[in-house]
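Examination of the molecular architecture
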Amino acid sequence: MKIKKLGFNLSKVWNAYWFRPSPLFDLALCRIIIVGFQLGYLIVRDYYNSVLEREYVSALVYNPLHIVKLLTFPWGWQQVPPDWFLTVSFGLTFICGITSFIGFKTNLSLMFFAIGNLFIQAYLYSFGEHHHPEALLLITLFLLALSPSGGVLSLDDLLRRLRTHIKKQQFSPFNLLNKKSELARWPLLTV
């Protein structure tokens, strides 16, 4: 009986720590800052040209990481993907970053933005140079994609509110800081 009670108490403490209702505003602000930073980083560090320049490096240096092999399997395991594929990948990643930033189809956009960034980084690392300062940012993007980070401060939330107000034919005021979720706390604590 004591073990059962201890297990119940541990479960209660665990849920109180990770899943206590918290403001969605904090999570949404985190999404905006991190996605904005990553978009700026892609531009300032000129990732597009860095990705395209790698094609001209000797094929002997190219040793694709597993995620690169998985995403470029139509061109073979050891062949550098064509320029058009790298351009489209970078462009779609950037577009998904912008839609994540404004909060349009937030979770889907964030997932594709995270996968695109992972591909770009892994592709660059496939040429022998390994550093890991981007790892925390990539993990954070995936965590945001799995969370309700578009619950407020997003186009999704605005459209949801407009549909509700049009359906009711009445506008009711709201406060972004009051909207809470049990799933808003765990991504921030994990990061």
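Further up the page is the structure itself.
Residues numbered from 1 in each chain as written. Predicted model: local features only at pLDDT ≥ 70, side-chain atom pairs only at ≥ 80, totals over all residues. Heavy atoms only, no water.

1. A few points about a nonpolar patch on the surface
On the surface, I98, F101, I102, F104, L155, L158, L159, L162 and I166 cluster together to form a nonpolar patch covering roughly 740 Å² of accessible area. Residue assignment for the nonpolar patch shows that the elements contributing at least two residues are α5 (83–102) and α8 (155–168). If you tally residues by element for the nonpolar patch, the top one is α8, at 5 residues. With respect to the helices and strands, L158 occurs in helix α8. (Patch = residues over 30% accessible without salt bridge, like charges linked within 9 Å, V, L, I, M, F, W, Y side chains within 5 Å. Areas by Shrake-Rupley, 256 points an atom, 1.4 Å probe, with all protein chains shown as cover. Salt bridge = Lys/Arg side-chain N within 4 Å of Asp/Glu carboxyl O. Helix = DSSP H or I, 4+ residues; strand = E, 2+ residues; numbered from the N terminus.)

2. Thoughts on the packing of helix α6 (residues 106–125) against helix α7 (residues 135–145)
Following both chains from N to C, one finds α6 and α7 inclined at 160°, their axes separated by 8 Å at the closest point. One finds that α6 runs roughly antiparallel with respect to α7. Note that α6 runs across α7; the crossing there is left-handed. On α7, the residues that touch N107, L110, M111, F113, A114, I115, N117, L118 and Q121 of α6 are L138, L141, F142, L144 and A145. Classifying every residue of the contact of α6 with α7 by side-chain character gives 11 nonpolar, 3 polar and no charged. (Axes fitted to C-alpha atoms, helices over the stretch in contact; angles between N-to-C directions. Parallel < 35°, antiparallel > 145°, perpendicular 65-115°, else oblique. Left-handed = near helix turned anticlockwise from the far one by under 90°. Contact = heavy atoms within 4.5 Å. Nonpolar A, V, L, I, M, F, W, Y, C, P; charged D, E, K, R; others polar.)

3. Side note on α8
The end-to-end C-alpha distance of α8, which contains 14 residues, comes to 20 Å, matching closely the 20 Å that a straight helix rising 1.5 Å per residue would cover. Along α8, the residues classified as buried are D156, D157, R161 and H165. Projected down its long axis, α8 carries its buried residues within an arc of 165°, all on one side. Across from the buried face of α8, at angles greater than 90 degrees, the exposed residues are R163, I166 and K167. Structurally, α8 contributes buried residues whose contacts are with α6. (Expected span 1.5 Å × (residues − 1). Buried < 20%, exposed > 50% of the residue type's maximum accessible area, 1.4 Å probe, protein only. Arc of directions from axis to C-beta.)

4. Things to note about the packing of aromatic side chains
The tally for this structure, following the rule as stated, stands at 12 aromatic pairs. Between W14 and W18, the aromatic rings sit 5.7 Å apart at their centres with planes inclined by 45°, giving tilted as the arrangement. Of this pair, W14 and W18 both sit in helix α1 (residues 2–18), separated by 4 residues, roughly a single helical turn. By relative accessible area, which is 21% here, W18 ends up partly exposed. With centroids separated by 6.2 Å and ring planes inclined at 90°, the aromatic side chains of W84 and F85 adopt a geometry described as edge-to-face. One aromatic cluster is present, formed by Y62, W84, F85, F119, Y123 and F127 through successive ring pairs. Over the ring of Y17 we find R185; its NZ or CZ atom is 5.4 Å from the centre of that ring. (Phe/Tyr/Trp six-rings, centres within 6.5 Å; stacked < 30°, edge-to-face > 60°. Lys NZ or Arg CZ within 6 Å of the ring centre and 35° of its normal.)

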